[in-house]
Every structure is written in structure tokens, then in C-alpha cells.
Amino acid sequence: MSLAWELLKRETALSWGRGGGPLVSAGFYLGVATLLPLAAGPEPARLAAVAPGVAWVTLALATLLGLDRLFERDYEDGALDLLTLSPLPLEFVCALKCLGQWLATGLPLALAAPITEIALGGSPTLAPLVLVSALVGGLAFAFASGIGAALSLGARRGGLLTAVIVLPLFTPPVIFGGGALDAFASGLPWSAGFVLLCAYAAAAIALGPLAMAAACRNALS
Amino acid sequence: MMSALEIKELAISRGGRPLFQGLNLNLSAGQACALTGRNGSGKTSLLRAIAGLLSADTGEIGFGEQDPDQARRTEIHLVGHADGLKSGQTARDELAFWTRWSGGNLSSLDSAIDRLDIRRLLDLEVRRLSAGQKRRLALARLLAAPRTLWLLDEPLSPLDSVWRTRFGEMMSDHLGSGGMIVAAIHDPLPIPAQVLEINP
Amino acid sequence: MAFSRWAAPLFGGLAVLLAITGLWLGFTAPEDYQQGDTVRIMFIHVPAAWLSMFAYICLGIASFLSLVFRHALADAAAKSAAPLGAGFTALALVTGSLWGRPMWGTWWVWDARLTSVLVLFLFYLAYMALRSALDDETKAARACAILALVGLVNLPVVHWSVNWWNSLHQGVTVFAKGGPKMAPVFLVPLLLMVLAYMAAFGALWLVRIRGEVWRRRADAALSRLART
């Protein structure tokens, strides 16, 4: 399916956006990590306790940045029309777009997550789990936010609207991932949370594109 | 291979407002149709309905014996007001992607580039191009990837008279090789065509 | 829609009757040995929580019908249900918070049900926001229907996930209420209040749907006027 590969390459390159994309998300990420000690007071014990959770939630929020690149630009410049006129089903096109977005922004953020977690005073033993959870969670967040982005096509104040739509969809992966990290940090069995996170990500990848394609068709009509 | 375009008793409304009813059109290979009508009369909507982006209230759109879904995916080129070109990318990258996406290959793209005289523009970013140059870039896709039905929405407007004539030749060639064209246009098409006026 | 002319006031009257009976029975019932008088908030809170879910299910069904059959009435029903659902949800959240405060000393607890209700509230807000953000009404209707179905799938997952999280932390399922284990002296007024709320929802929903249908007709007439 070389068409799919071409689209994936293009979407990743566009999301990368000439250096803008991941830098903005990384900047946001670092900004929050810096602000948190300022707000919570630099007391190490308190920071260390919330570090994994903060790293995790910030990952979710950072996914919301740059969402306008996902569908809105293609919708406005007519590219979305052309993307439907191809042998690839629109559902698959939407999935590839989300995957490209994840490769360009979610992946770098996932790499930054364990660093942030350690910088905030979290335990280094937690870092591998943070990394893997951030990778899987990033996928879940990418596909869930894709649904929001597709539904708000053509809307005014689309960015804010997308965030409001997407927050309920972010809740389960935040809970599962946060639960797994929390359990690991407390020495409790963490695998259940991680497995649930993977299950949610799988469901988001399988079902999200259906909603996205329906929303895109609606917006184009 | 699409052999015909058959539209029967088509009615379309947008935003609850009916645009037209009872529209009929029959095109076979080598024929063209020019859509005329006031602004907002539904020319763009008709083109989008043929492309499957819009659904009609009543009526049918058929593509000869070919399955409509298959036809829309592989046999239609749509050139709308917007070009689908990303401003930050180079012309070369955009053209390469859209050619492959539409089923063309790089050698047919090469001859299309020469025909539309855009070779010297290839390394520029799309945002540096003028409206006419961007339109030629979009039209290159038509020549680079062979698809039977061309749906064109005001294709000539950003082009100067030289290029209008040249594109007219390209349209003739397309019809000559068995293609079909439906174009929404204010001025007369530079090729022989049925004229379909859209009014309520 | 003509049946709403008599149905709505009927439901409304029923709602008032049931509410008066329910509240009277609820407030004359003996105090709960653990929670004292504050348990009486249950008669406002639990039906509100129940109705917020019920309204959501109604919205979901209406959205499904709107997507599949493209019937404008189904869409009007979905659109009308949303603010009502949001209202019940807000009521449930506020009363839940008021109920929890005397018992646990905090205004909020991450109980599975309360958290699900909060997420449900967010969903209603998102639904109404999406409706108003899209200018084209047909597109807004479809987009909202898709959102409703996505939310319908998501909400049980949210509830389940919070439950799971609470089980990790030995969190208590906060509100010991609603169930056959409850003493009849509490159960009866509770059921009456639930029915009262449902009747109220029915009445308000019918009125809103009728209003929406008339608004669309007026809108269409104005559009026709503009074109001539």
C-alpha cells in the first residue's frame, strides 16, 4: 500500500511543520514542568509525589496543541476533498493522519516525559514505565483528539471547542496510565493499569477513525 | 474505465434552501459540459455532488456500468477554487504527492510539468507562487494522473489569455482520448461543449 | 406534535403531584442513624443523577435515530434534551457536593459516580458548544449526533475506569443509597421523586421539542422570505 506510506510520510512531515510542531509542544511541556514547582512550592517530597501524574496529564494537554494541523488546514485549502477521491477509505486516511501527528509530536513528547518526571524529582526507576506509557497513551490521546478535531471542522473557536469535546475522551487513558504509574511508584502491581491503557489505545485506534471519517464527510457536505 | 456520466432528476439543497430540481445531464466519452448560472446557483454543489462529497435530495448520478463508489475513488479529478496545495511545502513535493495520490507516476508528471511550464517553479515554496502559477500547479495533476472525468470549478479564472488557450488545448486532448469534462465557468469554454444552465 | 399539547401539561401536573408526595414522605421519614438529617438531600440528589443519565440515554437514542433515519424531529429531540440533561447533571453535582460536605469534610470526592456525572456534565457542555459553534444547522445536527454516540460509548468506560481507580486506592463508593437494601421508608419517597423528575423531564422535553420545531418552521419561513 504505497499510497498509505506516501500519505503517512506527508502527514508526519506536515505535522512536524518545519521545526514548529514538536518544538511548540516541547516548549509547552517544559513550561508546565517549570511552572509546577513554582506553584506547588519546591518541596521535593510533594513534587516527587505528583511528578508522574503531572508528566502524564501534560502529555494529554500537549496533544491538543497543533491539532489544527490535523484536519482544519486540509479542510480549508481543499486537500480534504482530494483525500476522499482515492482508493484508500477515508477511515484509513484519518487513521494515517493521526498516526502522522503522533509520530511528529506524540513521539518526541513521549521521549520528553521521563526526563520531565525525573526533573520534577520522581524516581528514576519509574522512567521506563513513564516512557512506554507515554508512547501508548500518546497514541490514545492522538486518536481521541482526532475525533474532536474532525467534529469541530468549520466551527468558530475550533481549538477551544475541540478541547471541550476531547476531555471526556481523555479521562479513561489518564486514569489508567496515571493509575499504573501511581501503583508502580507505590510498589503495587501496575500491569493492570498498563494493560487497560493499551486496550483503550487499541479501541481508540480501531473506532476513532470511524467517527473521524463520518465527521469529515459531514463537514465536506 | 468510466464510459458515461448520467444524471437523472437531480435536486440539491444547501442549508435547507433548495438550489435546483429536476436536473438531467448525459455525457459520454469525449464530451464536455459547461455549467452556467448565477453565483450561488449551485454549480459548485453539482460538481461536489458528482464527486460524492455532497448528497442530493433526490435523483441519481450514475457512471455507466461502473460502481459509483469505485468511479469516484479512481476516475475523477476535482479542481476546486482551493488548490489543495500546502503553502509551506515546495511545489515539487506537493506535485509529487498529489500525482501519486491520484494514481499517476513521475514520468507522466515530468511531461505535465513541461506542458504547463512550471519546471522553474518546482523548488519554490507554494506560498511564493502567484495565483496563476498555483493554478497551473493544480492543473498539472490532471495531466500527470490519467482519470476519465474532470470536474472543474472556474478552472480558467486565475489564468491569463495565453494559458487559457493552452489549457483549452489540453482539454481538447483529454476529450480526444475518451475523457469527459464538466466545468463550471462564467466565460465560454474554449472547447465544444453542451451548455447546462443551472437555475432554481 | 399535537399530542404534546395535552401530554406536556399532564406530565407537568403529574410531576408536581409526585414531587409533593415524595418530598413530604421524605421529610417526615425518620432520620438515618448514620447521616442524620443530611440524608434527605438524597431525595433531590439521587433522582437528579438518575435523570442526568436518563436524559443522556434519550439524547443518545434520538441522535442515533437522527443519524440513521435523518429525521428532523429526532434531531430536534436530541437538541432539546441537552440543556435539560445539563441542568439535571449540575443539580446532581451541586447536591452531591452539599451532601458530601458534612460527611467527609470536603466539597468533592473522586467517587466513581460523581466523577462520571462530572464527565457527563462536560459532555453536555461539549454537545451544546458544538451545536452553537457550527453555523450550518444540518451539519451541526450530524456532528452532534456523532458526538453523542461517541460519548455514549465513552461514558461507561469512564465510569468503569474511575471505579477501577477507586478499587486501587480502597476508595469508598461514597453514596450509600438507592437499592433494594434501602429501608422502605426511604425507598418509597425516593422512587416517587425519581418518577416526579422523570415526569418533569417529560413535560419540559416535550415543550422544548415543540418550541424547537416551531423555531425551525419560523426559520424556514424567514429564509423563503429572504429569497423572494
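In this text the structure is predicted, and so the values were computed from the model without any measurement.

## Looking at the overall build of chain B
Working step 1: Check the secondary structure of chain B and you find six helices and eight strands.
Working step 2: The linear arrangement of helices and strands in chain B, starting from the amino end, is β-β-β-α-β-α-β-α-α-α-β-α-β-β.
Working step 3: The C-alpha radius of gyration computed for chain B amounts to 17 Å, which stays within 12% of the reference 16 Å derived for 200 residues, consistent with globular compactness.
Working step 4: Considered along the principal axes of its C-alpha atoms, chain B spans approximately 45 × 35 × 30 Å.
Working step 5: Expressed as a percentage of the 200 residues in chain B, the buried residues total 42%.

## Let's talk about the nonpolar core
Working step 1: In terms of nonpolar packing, the biggest core is built from 208 residues, with Ala215 and Cys216 of chain A together with Leu130 and Leu147 of chain C touching the most fellow members.
Working step 2: The element contributing the most residues to this core is helix α6 (residues 184-227) of chain C, with 15 residues.
Working step 3: With near-sequence residues (within four places) excluded, Cys216 of chain A lies in contact with Phe71, Leu80, Leu90, Cys94, Ala150 and Leu153 of chain A.

## A look at the environment of Lys8 of chain B
All names here are of chain B.
Working step 1: Along the chain, Lys8 falls in strand β1 (residues 4-14).
Working step 2: Residues Lys8 and Leu23 lie 15 residues apart in sequence; the distance between their C-alpha atoms is 6.4 Å.
Working step 3: Excluding residues within four positions of it along the chain, Lys8 makes contact with Asn24, Gly59 and Glu60.

## Description of the sheet that holds strand β4 (residues 58-62) of chain B
Residues and elements named next belong to chain B.
Working step 1: The sheet built from three strands is open, its strands ordered β2-β1-β4 with antiparallel pairing. The open sheet is flanked by β2 (17-28) and β4, the only strands paired with a single partner. Adjacent strand axes in the sheet meet at a mean angle of 20 degrees when their direction is disregarded.
Working step 2: With four bridges joining them, β1 and β4 adopt antiparallel strand pairing. In the strand pairing of β4, Ile7 is matched with Ile61.
Working step 3: Relative to the sheet, helix α1 (residues 43-50) contacts β1, β2 and β4, its axis offset from that of β1 by approximately 125 degrees.

## As for the interface of chain C and chain A
Working step 1: Taken together, the 23 residues of chain C in the interface contact 24 residues of chain A.
Working step 2: Elements with a contribution of two residues or more to the side of chain C that touches chain A: α4 (112-133) and α5 (137-168) of chain C.
Working step 3: By residue class, the composition of the side of chain C that touches chain A is 18 nonpolar, three polar and two charged.

## Describing the environment of Thr63 of chain A
Residues and elements named next belong to chain A.
Working step 1: Mapped onto the fold, Thr63 is located in helix α3 (residues 44-64).
Working step 2: For Thr63, a count of 27 C-beta atoms within 10 Å corresponds to the buried category.
Working step 3: When the C-alpha positions of Thr63 and Gly146 are compared, they lie 9.8 Å apart, and in sequence the two are 83 residues distant.

## Some words on the sheet that holds strand β3 (residues 32-36) of chain B
Residues and elements named next belong to chain B.
Working step 1: Taking strand neighbours across the sheet as the criterion, the five strands line up as β5-β6-β7-β3-β8 in an open arrangement whose pairing is parallel. If you trace the sheet from one side to the other, it starts and ends with β5 (76-79) and β8 (194-197), each paired once. Averaged over all pairs of adjacent strands, the angle between strand axes in this sheet comes to 15 degrees, irrespective of strand direction.
Working step 2: The pairing of β3 with β8 spans four bridges and is parallel. Residue pairing across strands places Leu35 opposite Leu196, the latter belonging to β8.
Working step 3: Each of β3, β6 (149-153) and β7 (180-184) touches α1; the most contacted strand, β7, lies at about 150 degrees to it.

## Overview of helix α8 (residues 158-185) of chain A
Residues and elements named next belong to chain A.
Working step 1: With 28 residues, α8 should cover 40 Å at 1.5 Å per step; its first-to-last C-alpha distance of 38 Å lies within 8% of that length.
Working step 2: Largest kink in α8: about 40 degrees, centred on Leu167, with the proline Pro168 one to four residues after it.
Working step 3: Of all 28 residues in α8, 24 are buried, a share of seventy percent or more.
Working step 4: Two residues or fewer after α8 comes Gly187, characterised by a positive phi angle close to 80 degrees.

## Here we look at the packing of helix α3 (residues 91-101) of chain B against helix α5 (residues 131-144) of chain B
Residues and elements named next belong to chain B.
Working step 1: Put simply, α3 and α5 touch, their axes get as near as 9 Å, and they point 35 degrees apart. Here the hand of the crossing between α3 and α5 comes out right-handed. From α3, Ala91, Leu95, Trp98 and Thr99 reach across to α5, where they touch Leu137, Ala140, Arg141 and Ala144.
Working step 2: Residues that form the contact of α3 with α5 fall into these classes: six nonpolar, one polar and one charged.

## Things to note about helix α4 (residues 106-115) of chain B
Residue and element names in this part refer to chain B.
Working step 1: Here α4 has its buried residues at Leu109, Ala112 and Ile113. End-on, the buried residues of α4 take up no more than an arc of 105 degrees, which puts them together on one face. The outward face of α4, more than 90 degrees from its buried face, is lined by the exposed residues Ser107, Ser111 and Asp114.
Working step 2: Elements in contact with the buried residues of α4: α3 and α5.
Working step 3: At the exit of α4 stands Asp117, carrying a positive phi of roughly 55 degrees.

## Things to note about the interface of chain B and chain A
Working step 1: Of the residues lining the interface, 20 residues belong to chain B; the matching set on chain A comes to 16 residues.
Working step 2: Put simply, the parts of the chain that give the side of chain B that touches chain A at least two residues each are α2 (68-74), β5 and α3 of chain B.
Working step 3: In terms of residues, the side of chain B that touches chain A owes the most to one element, α3 of chain B, which gives four residues.
Working step 4: By residue class, the composition of the side of chain B that touches chain A is ten nonpolar, five polar and five charged.

## A look at the confidence of the model for chain C
Residues and elements named next belong to chain C.
Working step 1: On average, chain C scores 82 in pLDDT, and the residues at 70 or more come to 85%.
Working step 2: Here helix α1 (residues 4-28) is the element of chain C with the lowest mean pLDDT, 79, and helix α2 (residues 42-69) is the one with the highest, 90.
Working step 3: This stretch, residues 176-180, has a pLDDT under 50; its non-local contacts, to residues over four places away or in other chains, come to four contacts.

## Topic: the packing of helix α6 (residues 90-119) of chain A against helix α9 (residues 191-220) of chain A
Residue and element names in this part refer to chain A.
Working step 1: Running from amino to carboxyl end, α6 crosses α9 at an angle of 115 degrees, the nearest separation of the two axes being 8 Å. The orientation of α6 relative to α9 falls into the category roughly perpendicular. In this structure, α6 crosses over α9, and the sense of that crossing is right-handed. Listed contacts from α9 to Leu90, Glu91, Cys94 and Ala95 of α6 are Ile205, Pro209, Leu210, Met212, Ala213, Cys216 and Arg217.

## Thoughts on unusual backbone geometry
All names here are of chain B.
Working step 1: Of note, Asp117 is a non-glycine position whose phi angle comes to about 55 degrees, a positive value.
Working step 2: When you line up the elements, Asp117 lands in the loop between α4 and α5.
Working step 3: Residue class for Asp117 comes out partly exposed when judged on the 14 C-beta atoms lying within 10 Å of it.
Working step 4: With a phi close to 50 degrees, Glu154 is a non-glycine residue in the positive phi region.
Working step 5: Following the sequence through the fold, Glu154 ends up in the loop between β6 and α6 (161-176).
Working step 6: By C-beta crowding, Glu154 is classed as partly exposed, having 17 other C-beta atoms within 10 Å.

Quick notes on the rules
Residues numbered from 1 in each chain as written. Chains lettered and ligands numbered in written order. Predicted model: local features only at pLDDT ≥ 70, side-chain atom pairs only at ≥ 80, totals over all residues. Helix = DSSP H or I, 4+ residues; strand = E, 2+ residues; numbered from the N terminus. Rg over C-alpha atoms; globule rule 2.2 N^0.38 Å. Buried ≥ 20, exposed ≤ 12 C-beta atoms within 10 Å, placed from the backbone. Core = buried A, V, L, I, M, F, W, Y, C linked by C-beta atoms within 7 Å. Contact = placed C-beta atoms within 7 Å. Pairing = 2+ DSSP bridges. Axes fitted to C-alpha atoms, helices over the stretch in contact; angles between N-to-C directions. Nonpolar A, V, L, I, M, F, W, Y, C, P; charged D, E, K, R; others polar. Expected span 1.5 Å × (residues − 1). Bend = angle between axes of the 7 residues up to and from the residue. Left-handed = near helix turned anticlockwise from the far one by under 90°. Arc of directions from axis to C-beta. pLDDT = per-residue confidence, 0-100. Parallel < 35°, antiparallel > 145°, perpendicular 65-115°, else oblique.

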